[in-house]
Amino acid sequence: MQYNVGLFIPCYIDTFYPQAGVATLQLLEKQGLRVTYPLKQTCCGQPLANSGSEREARECYRHFVDCFKGFDYVVTPSGSCAYQVIHHFDTIEQTDEVKHLRTTTFELCSFLTDVLKIEHLDARFPHRVGLHQSCHGLRGLKIASASELIERRYSKARRLLGMVKDIQLIDLDRTDECCGFGGTFSVFEPDVSVKMGRDRIADHERNGAEYITSYDMSCLMHLEGIIRHARKPLKVIHIAEILNNS
């Protein structure tokens, strides 16, 4: 089926990691989709809401709706932004357009597995890779099963990475530990945030990772800052870049 997809690129990807946005676009187009990037898009409102200013964030929510209404689906390379639309847009008027967006906005991995149901990717990435499963995506969007719950084990992101040729997915000691970023948490509690990030990086190092990947570039941005400060050889890469690599 030919879907009309609106592409939402979060602020920090647009500013600091445009290659992740480009990879997302190219990956979706490879699936035969018609993808549009609304030029007037801005922020989903998450930073304001996380800082306790959700009332002020509602104008961002309404602007998002104006930009993306009319698409069959909205796809974003960010679990936390997708979560914001799905779970926090309940604070504005629940028009048909808002209700539609809240049920048709997807994080990239969930869209590929749950909507497109892809079984094959023409991608190759000959490196040792550790998967960081972010809190919003893990527990909010159910992109993977949480290790503290007694339930069937699954990971949509790991399943997609398993389709990539020559990749070596490492096993971590703690599969879904928080990186410590938490948006504005890293600003208000920098010492705790950095300590958590160092622990997450150490797990990847112990198990021989060359790259850390995730479906949340914000987590990777946090980890990359710590890696660069410590002058470590580890690299970070958004999962879209791996899935699109050939």
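Structure shown above.
Rules used in this analysis
- Residues numbered from 1 in each chain as written.
- Predicted model: local features only at pLDDT ≥ 70, side-chain atom pairs only at ≥ 80, totals over all residues.
- Heavy atoms only, no water.
- Phe/Tyr/Trp six-rings, centres within 6.5 Å; stacked < 30°, edge-to-face > 60°.
- Helix = DSSP H or I, 4+ residues; strand = E, 2+ residues; numbered from the N terminus.
- Buried < 20%, exposed > 50% of the residue type's maximum accessible area, 1.4 Å probe, protein only.
- Pairing = 2+ DSSP bridges.
- Contact = heavy atoms within 4.5 Å.
- Axes fitted to C-alpha atoms, helices over the stretch in contact; angles between N-to-C directions.

**Regarding the packing of aromatic side chains**
1) Next: Tallying each qualifying case throughout the model produces 11 aromatic pairs.
2) Next: Residues Phe-8 and Phe-64 carry aromatic rings whose centres are separated by 5.0 Å and whose planes lie at 80° to one another, so their mutual orientation is edge-to-face. Of the two residues, Phe-8 sits in the loop between β1 (4-7) and α1 (11-16) while Phe-64 sits in helix α4 (residues 54-68), which places them 56 residues apart along the sequence. Like Phe-8, the residue Phe-64 is buried in the burial classification.
3) Next: Considering the side-chain rings of Phe-64 and Phe-89, the 5.5 Å spacing of their centres and the 90° angle between planes classify their relative orientation as edge-to-face. You can see Phe-64 sitting in helix α4 and its partner Phe-89 sitting in the loop between α5 (79-88) and α6 (96-104), a full 25 residues away along the chain. The burial state of Phe-64 is the same as that of Phe-89; both residues are buried.
4) Next: Ring pairs connect the aromatic residues Phe-8, Tyr-61, Phe-64, Phe-68, Phe-71 and Phe-89, which therefore count as one cluster.

**A look at the sheet that holds strand β8 (residues 235-238)**
Within a sheet, neighbouring strands are paired by backbone hydrogen bonds and run either parallel or antiparallel to one another.
1) Next: The strand order across the open sheet built from four strands is β6-β5-β7-β8, with neighbouring strands paired in parallel fashion. One side of each edge strand has no neighbouring strand; the edge strands of this open sheet are β6 (168-169) and β8.
2) Next: Judged from the four bridges that link them, strand β7 (residues 211-214) and β8 form a sheet pairing that is parallel. Counted as the bridge partner of Ser-214 is His-238 from β8.
3) Next: Contacts from helix α12 (residues 217-230) reach β7 and β8, with the element oriented near 170° to β8.

**Description of the environment of Arg-174**
1) Next: Tracing the sequence through the fold places Arg-174 in the loop between β6 and α10 (185-188).
2) Next: Along the primary structure Arg-174 and Asp-203 are separated by 29 residues, whereas in three dimensions their C-alpha atoms are 7.4 Å apart.
3) Next: Not counting chain neighbours up to four residues away, the residues in contact with Arg-174 comprise Arg-200 and Asp-203.

**Looking at the pairing of β1**
1) Next: Where burial is concerned, the two faces of β1 agree: the one with Asn-4 and Gly-6 and the one with Val-5 and Leu-7 are both buried.
2) Next: Of the strand pairs in this sheet, β1 and strand β2 (residues 34-36) are connected by three bridges, and their pairing is parallel. The partner of Gly-6 across the bridge, within β2, is Thr-36.
3) Next: Of the pairings in the sheet, the one linking β1 to strand β3 (residues 73-76) comprises three bridges and is parallel in character.

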